[in-house]
Amino acid sequence: MLLTKSFIAALCAAGLSLAALPALGQNVHISRLYEQVLENIEYTKPGFYLDSFGVVRLNEGGTTRIELDVPANTAIEIMGDCDEDCIDLDLGIYNGAGKLLGEDRLEDYYPIVSFVSEDDGRIALELDLVNCDAAYCYTAYSVFVEGTE
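(A) Geometry of the pattern of salt bridges. Counted by the stated rule, this structure contains 8 salt bridges. Glu-67 is paired through a salt bridge with Arg-122; the nearest N and O atoms lie 2.9 Å apart. On the criterion of sequence distance, the pair formed by Glu-67 in strand S2 (residues 63–69) and Arg-122 in strand S7 (residues 122–132) is long-range, its members being 55 residues apart. Take Arg-122: its relative accessible area is 29%, and that puts it in the partly exposed class. Salt bridges sharing common partners tie together Arg-65, Glu-103, Arg-105, Glu-126 and Asp-128.

Quick look at the structure:
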């Protein structure tokens, strides 16, 4: 808190307006999502470890696809997260050929999909921001893989 007040005081001393502060708020959303990704480690199935994660900004009604490589023929669990403005985030997982491997289309902001990867280990995550209380939301994904690191 003291660091934030010092930063704001420095901005004012430099003659900058506080209008730049919304950009700081966006960083808070991203920081909270990374904290949620770390918390997901506690909620994943026993024997799974965090393999990768990321944060993506999506407009309400928007969709993004993220291509990843995961270990072949392995149990995978993917969790999605969204910032506090999010109402409904959906997640679909596809193999390299576009076949649906699993999905969570429930009306919530915390989708979870478990599946077994195929021979090539190539997948695509599809995040759909169905409903958001803002023009856009920050979303995150966590990829957990069964086995030892």
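What follows continues from the structure just given.
(B) Structural detail: the environment of Arg-65. Along the chain, Arg-65 turns up in strand S2. When its relative accessible area of 45% is taken as the criterion, Arg-65 is described as partly exposed. Between the alpha carbons of Arg-65 and Gly-92 there is a distance of 9.3 Å; along the sequence they are 27 residues apart. In this structure the side chain of Arg-65 is engaged in a polar contact, spanning 3.1 Å, whose partner is the side chain of Glu-126.

(C) How the structure looks around the state of the cysteines. All chains considered together, the criterion is met by 2 disulfides. Two residues share a disulfide in this structure: Cys-82 and Cys-86, whose sulfurs sit 2.4 Å from each other. A torsion of 90° about the S-S bond marks the disulfide between Cys-82 and Cys-86 as right-handed. Each member of the pair, Cys-82 as well as Cys-86, carries the same accessibility label: buried. A sulfur-sulfur separation of 2.0 Å characterises the disulfide bridge that pairs Cys-132 with Cys-137. The sign of the 85° torsion about the S-S bond sets the Cys-132-Cys-137 disulfide as right-handed.

(D) Spatial organisation of the nonpolar core. Formed by 25 residues in total, the largest nonpolar core has its most connected members in Ile-78, Ile-93, Phe-115, Ile-123, Leu-125, Leu-129 and Val-143. Top element by residues in this core is S7. It accounts for 5 residues. Residues in contact with Ile-93, not counting those within four places in the same chain, are Ile-78, Lys-99, Leu-100, Leu-101, Gly-102, Val-113, Phe-115, Ile-123, Ala-124 and Leu-125.

So, how was this worked out
Residues numbered from 1 in each chain as written. Predicted model: local features only at pLDDT ≥ 70, side-chain atom pairs only at ≥ 80, totals over all residues. Heavy atoms only, no water. Salt bridge = Lys/Arg side-chain N within 4 Å of Asp/Glu carboxyl O. Helix = DSSP H or I, 4+ residues; strand = E, 2+ residues; numbered from the N terminus. Buried < 20%, exposed > 50% of the residue type's maximum accessible area, 1.4 Å probe, protein only. Polar contact = N/O pair within 3.5 Å; in protein donor to acceptor, adjacent residues only side chain to side chain. Disulfide = S-S within 2.5 Å. Core = buried A, V, L, I, M, F, W, Y, C linked by side-chain atoms within 4.5 Å. Contact = heavy atoms within 4.5 Å.

As far as function goes, none of this settles anything; it's purely spatial.
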